[in-house]
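Residue-level structural notes
Below are the chains, spelled out letter by letter.
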Amino acid sequence: MASRTVFPLRWRNERLRALTAEVASRLGISQNELIEQAIEHEVVARGAMLSDDLRAAADRLAELTQEQYERIQARGVESFIAGEGLSEPVQSRMTPRAAAVDSVAVDRPAVARDVTAIYRSARAELA
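The structure presented is a predicted model; accordingly, all values stated were derived computationally and were not measured.

Some thoughts on the pattern of salt bridges
Pairing between side chains of opposite charge can happen when the charged atoms of each approach one another. Enumeration according to the criterion identifies 5 salt bridges in this entry. When the shortest N-O distance is used, the salt bridge between Arg17 and Glu14 registers 3.5 Å. Pair noted here: Arg17 and Glu14 are both in helix α1 (residues 14-27), with a separation of 3 residues, about one helical turn. Taking relative accessible area as the criterion, Arg17 reaches 34% and is therefore assigned partly exposed. Arg55 is paired through a salt bridge with Asp59; the nearest N and O atoms lie 3.9 Å apart. Highlighted residues: Arg55 and Asp59, both in helix α2 (residues 31-62), separated by 4 residues, approximately one helical turn.

Following this line, the structure appears as structure tokens:
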């Protein structure tokens, strides 16, 4: 039997706990399966909204006139200059490096997929 990852739920809402148990029972599935399905649907739905928001923002930017674009750039430069006069919100400090860390190579996968591709992939898996 394969081991399963256990994620204990700490319910803050007893009514939600009872509703989850009732719905799962009526569907003939476990509460965990119901919760996994709900999370998957919610993530896909929110991903679609994010994708739509990003596409709408990109469309609005593409429709800017040169004058509008230049005004936005000028405001950005002014904001940057004003911010340079403020104190740093996070103060830097040196931290000692462990010898073991210097000799270990850290591999990080390159993130090449955008939000739209992730959304489409998840949507295709649900279909």
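A closer look at the packing of α2 against helix α5 (residues 115-126)
It is at 9 Å that the axes of α2 and α5 come closest, and there the two elements cross at 145°. Regarding α2 and α5, the two cross each other, and that crossing is left-handed. Listed contacts from α5 to Glu40, His41, Val44, Gly47, Ala48, Leu50, Ser51 and Leu54 of α2 are Val115, Thr116, Tyr119, Ala122, Arg123 and Leu126. Tallied by class, residues from the contact of α2 with α5 come to 8 nonpolar, 4 polar and 2 charged.

A short note on α2
For α2, spanning 32 residues, the distance from its first C-alpha to its last is 46 Å, which sits close to the expected 46 Å at 1.5 Å a residue. Where α2 is concerned, the buried positions are Leu34, Ile35, Val44, Gly47, Ala48 and Ser51. Those residues of α2 that are buried lie in contact with α1 and α5.

Some thoughts on the side chain of Ser51
Topologically, Ser51 is positioned in helix α2. Take Ser51: its relative accessible area is 9%, and that puts it in the buried class. Here Ser51 is in contact with Val115 and Thr116, once residues within four sequence places are set aside.

What counts, and where the lines are drawn
Residues numbered from 1 in each chain as written. Predicted model: local features only at pLDDT ≥ 70, side-chain atom pairs only at ≥ 80, totals over all residues. Heavy atoms only, no water. Salt bridge = Lys/Arg side-chain N within 4 Å of Asp/Glu carboxyl O. Helix = DSSP H or I, 4+ residues; strand = E, 2+ residues; numbered from the N terminus. Buried < 20%, exposed > 50% of the residue type's maximum accessible area, 1.4 Å probe, protein only. Axes fitted to C-alpha atoms, helices over the stretch in contact; angles between N-to-C directions. Left-handed = near helix turned anticlockwise from the far one by under 90°. Contact = heavy atoms within 4.5 Å. Nonpolar A, V, L, I, M, F, W, Y, C, P; charged D, E, K, R; others polar. Expected span 1.5 Å × (residues − 1).

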